[in-house]
Amino acid sequence: MSPTYVLGIDSSTQSCKALLVDAETGQVVASGRAGHPGGTQVDPKQWIEALELSVAGLLERASAVSVAGQQHGMVALDAQGIPVRDAMLWNDISSAKQAEELIAELGGAHDCAQQIGSVMVASLTASKLRWLRENEPENAERTAAVLLPHDYLTWYLGGRKEMTTDHGDASGTGYYSTAQRRFLPEVAAKALGKQVALPRLAEANEMVGRSSTGRKIAAGTGDNMAAALGLDLQPGDVCVSMGTSGVASAVVDRSVHDGSGLVSGFVDATDRYLPLACTLNGAPVLDFGARMLGVSQKEFSDLALAAEPGSGGAVLLPYFGGERTPNRPDATGMMHGLRTSTTREQIARAYVEGLLCSMRDAVAALEDATGVETRRILLIGGGAQSEAVRRIAPQIFGVAVDVPQTAEYVALGAARQAAWALSGASEPPTWNVADSTRYEGEARPEIYERYVHTRDATAGWN
Ligand SMILES: Nc1ncnc2c1ncn2[C@@H]1O[C@H](COP(=O)(O)OP(=O)(O)O)[C@@H](O)[C@H]1O
Ligand SMILES: O=C(CO)[C@@H](O)[C@H](O)COP(=O)(O)O
C-alpha cells in the first residue's frame, strides 16, 4: 500500500516553509520554501504567493494540509473579504500606547491577565485593532472581520468559504479567554470601536475545509503551538526558539495568568496550555552582528568561538527592535564594557552571549510564572543553526541543550496536526522524530549576572 502523506506549512515572519511528511511515521519526504518581504507590515497577498511557491508539487501529493503561522498579526478584512490595509505583524510595536490603554480599560495588569491570559502588549492583535481605530478611523470603519495570518491562509486554501481559527492561535489575540477557552467579542469590539466578525473556533483535530483539488484542510495553529506539537514537548522540556522572535515556551496543564506581563499564558494546539515568554530580537541579532563585522554567519560563529567566555567584559543588550521581554518598546541595542583592547572575536561572542542571556531572561520568566523546572532545553529556529549558539548555550542556561535534527519543527507540527485530523483519533499520532544532538558545557553564571546588571542599570534608557 502506498504511504499517506500530509503537508505541514509554516508561514513565519521571514519565510514560508512546507514539509511533506509520511502520516504514519512522521518521516519528512520533501520540502519547499519561499521568502517573505521584510518589514513589520505586509500585504497578505505576499504570504499567499510565498505559500503557493513553497507548496508547489507537494500539495497534490498530500491527503491533508495544515497551516501554522506567525502569531498575533492583524489581518483586517472589509465586507468583501479584502484586506483594508497591510497586515500589522507581531513585531510592529507602534501599538504600544494602545496596549497600555487596553490594560487600563480591562482593570489593570492583574485583571487583564485574568481575563485574557496575558497582560496586553503591542504585539497582540487587540492592541493593533485599537491602533487602527485611533490612526486610520476610515479603515477601522471598513473592517468587518479580523483574522490571524494562519486563519487567512487556511481560509484562502479552502476557497474563501468559512472563516475559522484554532484555540492556540486565538489565545494570542487579546480578545480570547484562556480560562474559558472562548472568544471575548466584546473585547475585540472595545478595541476596534465597533463589532467585528471573528472566525469560528475549530477543534484541534478538526477538518475545516477542502482545497480546490480536494485536499482536506486541518484547523492550523500559531507557529509556537505547532513547534510544541512537532517537538512533542514533555514536562521539564523548555523549547527555546530563535527565529525572528526569541521564544521560551513549555506545555502545562493549567492556564497561566502572569500579572507581571513577562509570560503570555497561551493555549496549545491540543487541550493544554503553552505559556511563553517572547523577545522581539531573536536570530536577526546574529545577522546584525555578522553584518557589522562584515563576515558570513559561519565566520561570525568561528570568531565568537575563538573568544573566551565572558567576551573580555563586553556585554550586549540586544534590544535592537525595542523589546517585549523585558517590556521596553522604545529600547535600542547597547554594547557595554568595551576597551581599546576589545577584539573582533570578543565582539562576536558578546552578540551570541547577549542573545542567549536575553533568552535566559525568557526562560527565567517562564519558570517564575509557571513553577516549571527546566530539565532540558530544546533549541530550534534559524539561530539554532549557529554552532556558536549551540556550544555557548549550555554555559548560559546551565543545563544540557538538545538541538533536534529536523530543523523545521513548526512545519512538522502542522503536519502532525493534519495527520491527527486525518486519523479521526482523539490524540495526535506518535511519531518517532525525536533525534537530536546534545550540547553540554560548564555553566558560566557570571556571564548572565553581568548581563542582568547591565540590563537593570539601563532600565528607562532608550
Ligand atoms: N547558520 C546560522 N547562523 C545564524 N543565524 C542563522 C543561521 N541560519 C539561519 N539563521 C537566521 O535565522 C533566521 C530565520 O530563522 P527562522 O526560524 O526561519 O525565522 P522565522 O520563523 O521567524 O521566519 C534569520 O534571521 C537567519 O539569518
Ligand atoms: O509573537 C510571537 C509569540 O508571541 C512570535 O513568536 C511570533 O509568533 C513570530 O514567530 P517567528 O516568526 O519569529 O517564529
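All of these numbers come straight from a predicted model, not from anything done at the bench.

Chemist: Where do I start with the UniProt feature "active site" (unreviewed entry) in the protein chain in this structure?
Modeler: The sites that carry the UniProt feature "active site" (unreviewed entry) are, in the present numbering, Asp223. Among the polar contacts listed, one links the side chain of aspartate 223 to the side chain of asparagine 224, at a separation of 3.3 Å.

Chemist: It is not clear to me how the state of the cysteines should be interpreted in this structure. Could you clarify?
Modeler: Here is the idea: a disulfide is a covalent bond, and it sits between the sulfur atoms of two cysteines. A full pass over the atoms with the stated rule returns zero disulfides. Cysteine 239 carries a free sulfur, and the closest cysteine sulfur to it, the one in cysteine 278, is 12 Å from it. The class of cysteine 239 is buried, set by a relative accessible area of 4%. Overall, cysteine 278 belongs to the buried group, its relative accessible area being 6%.

Chemist: Could you clarify how one ought to interpret unusual backbone geometry in this entry?
Modeler: With the exception of glycine, the majority of residues adopt a negative phi angle, and the majority of peptide bonds are in the trans configuration. Cis geometry marks the peptide bond from threonine 325 to proline 326, where omega comes out at 5°. Unlike most non-glycine residues, arginine 160 shows phi in positive territory, near 55°. When you line up the elements, arginine 160 lands in the loop between helix 6 (149–157) and strand 9 (164–166). Of note in the backbone geometry, aspartate 232 takes a positive phi value of approximately 55° without being a glycine.

Chemist: Got a minute to help me understand the environment of valine 247 in this structure?
Modeler: Position of valine 247 among the secondary structure elements: in strand 17 (residues 246–249). Residue valine 247 is classed as buried on the basis of its relative accessible area, which comes to 0%. Expressed as a C-alpha distance, the spacing of valine 247 and threonine 325, which sit 78 residues apart in the sequence, is 9.8 Å. Contacts of valine 247, omitting those with residues within four sequence positions, involve Asn224, Cys239, Val240, Ser241, Leu276, Ala277, Cys278 and Met359.

Chemist: Sorry if this is basic, but what is going on with the UniProt feature "domain: Carbohydrate kinase FGGY N-terminal" (unreviewed entry) in the protein chain here?
Modeler: Feature annotation in UniProt places "domain: Carbohydrate kinase FGGY N-terminal" (unreviewed entry) on residues 5–222, given in this structure's numbering. Segment residues 5–222 splits into 31% helix and 27% strand. End C-alpha atoms: 22 Å apart.

Chemist: Before we go on, may I ask you to explain the side chain of glutamate 136 in this structure?
Modeler: Inspection of the secondary structure assignment puts glutamate 136 in the loop between helix 4 (125–135) and helix 5 (137–142). The contacts of glutamate 136, once residues within four sequence positions are left out, are Arg85 and Trp131.

Chemist: Please clarify how the site of ligand 2 should be interpreted in this entry.
Modeler: What surrounds ligand 2 is a group of 16 residues, the closest being Thr13, His72, Asp223, Ser245 and Arg324. Measuring from an oxygen atom of ligand 2, one finds a backbone N or O atom of glutamine 71 at 3.0 Å. Between ligand 2 and histidine 72, the relevant distance is 2.7 Å, taken from an oxygen atom to a side-chain nitrogen or oxygen of the residue. Within the complex, the protein chains bury 95% of what would otherwise be the 380 Å² of accessible surface of ligand 2. Of all elements in the fold, only helix 9 (223–231) and strand 19 (273–279) reach the threshold of two or more residues within the shell around ligand 2. Among the residues making up the shell around ligand 2, the classes are represented as five nonpolar, nine polar and two charged.

Chemist: Explain the packing of helix 10 (residues 284–293) against helix 12 (residues 344–370) to me, please; I cannot follow it from the model alone.
Modeler: Packed helix pairs are specified by the crossing angle of their axes together with the interaxial distance, meaning the distance between the axes. Relative to each other, helix 10 and helix 12 sit at 170°, their axes nearing to 9 Å. When the interaxial angle is binned, helix 10 and helix 12 end up roughly antiparallel. Contact residues: Val285, Leu286, Phe288, Gly289, Met292 and Leu293 in helix 10; Arg344, Ile347, Ala348, Tyr351, Val352 and Leu355 in helix 12.

Chemist: Which parts of the structure should I look at to understand the site of ligand 1?
Modeler: Close contacts around ligand 1 come from 17 residues, with Gln14, Lys17, Thr244, Asp287 and Gly382 the closest. In the environment of ligand 1, an oxygen atom lies 3.3 Å from a nitrogen or oxygen atom belonging to the side chain of serine 12. At 2.5 Å, a side-chain N or O of threonine 244 approaches an oxygen atom of ligand 1. Contact with the protein chains hides 79% of the accessible area of ligand 1, taken as 580 Å² for the molecule alone. Counting only elements with at least two residues in the shell around ligand 1, the list comes to strand 2 (15–22) and helix 10. For the shell around ligand 1, the leading source of residues is helix 10, giving three residues. For the shell around ligand 1, the class distribution of residues is three nonpolar, twelve polar and two charged.

Chemist: Hey, could you run me through the pairing of strand 16 (residues 237–242) in this one?
Modeler: Residues in a regular strand project their side chains so that they alternate between the two faces of the sheet. Counting buried residues along strand 16, six of its six residues qualify, which places the element largely inside the surrounding structure. Here strand 16 pairs with strand 22 (residues 376–380) via five bridges, running parallel. Bridging from a neighbouring strand, valine 238 pairs with isoleucine 377 of strand 22. Two elements, strand 16 and strand 17, share four bridges in a ladder whose sense is antiparallel. Paired with serine 241 across the two strands is valine 247, which belongs to strand 17. In sequence, strand 16 turns back onto strand 17 through a hairpin of three residues.

Chemist: For this particular structure, what's the right way to read the nonpolar core?
Modeler: If you look at the biggest cluster of nonpolar residues, it comprises 152 residues, and the most contacted ones within it are Leu7, Ile9 and Met120. Examining the composition of this core, we find that twelve residues originate from one element, helix 12, more than from any other. Beyond its immediate stretch of four places on either side in the chain, isoleucine 9 contacts Cys16, Lys17, Ala18, Leu51, Val55, Val65, Ser66, Val67, Ala68, Leu157, Ala411 and Ala414.

Chemist: What is the right way to look at the packing of helix 2 (residues 96–105) against helix 4 in this model?
Modeler: Two elements in contact, helix 2 and helix 4, have axes whose closest approach is 8 Å; the angle formed by their N-to-C orientations is 110°. Here helix 2 is positioned roughly perpendicular relative to helix 4, judged by the angle of their axes. Two secondary-structure elements touch here, helix 2 through Lys97, Gln98, Ala99, Glu101, Leu102 and Glu105 and helix 4 through Ala126, Ser127, Arg130, Trp131, Glu134 and Asn135. Tallied by class, residues from the contact of helix 2 with helix 4 come to four nonpolar, three polar and five charged.

Chemist: Please explain the pairing of strand 22 as it appears in this structure.
Modeler: Burial of strand 22 is extensive: four of the five residues sit out of reach of the surface. Strand direction decides the pairing type here: strand 22 and strand 23 (residues 401–404), joined by two bridges, are parallel. Directly across from leucine 378, in strand 23, lies its bridge partner aspartate 402.

Cut-off values and rules
Residues numbered from 1 in each chain as written. Chains lettered and ligands numbered in written order. Predicted model: local features only at pLDDT ≥ 70, side-chain atom pairs only at ≥ 80, totals over all residues. Heavy atoms only, no water. UniProt positions renumbered as here; feature names shortened; annotations may be inferred. Polar contact = N/O pair within 3.5 Å; in protein donor to acceptor, adjacent residues only side chain to side chain. Disulfide = S-S within 2.5 Å. Buried < 20%, exposed > 50% of the residue type's maximum accessible area, 1.4 Å probe, protein only. Helix = DSSP H or I, 4+ residues; strand = E, 2+ residues; numbered from the N terminus. Contact = heavy atoms within 4.5 Å. Near = heavy atom within 4 Å. Areas by Shrake-Rupley, 256 points an atom, 1.4 Å probe, with all protein chains shown as cover. Nonpolar A, V, L, I, M, F, W, Y, C, P; charged D, E, K, R; others polar. Axes fitted to C-alpha atoms, helices over the stretch in contact; angles between N-to-C directions. Parallel < 35°, antiparallel > 145°, perpendicular 65-115°, else oblique. Pairing = 2+ DSSP bridges. Core = buried A, V, L, I, M, F, W, Y, C linked by side-chain atoms within 4.5 Å.

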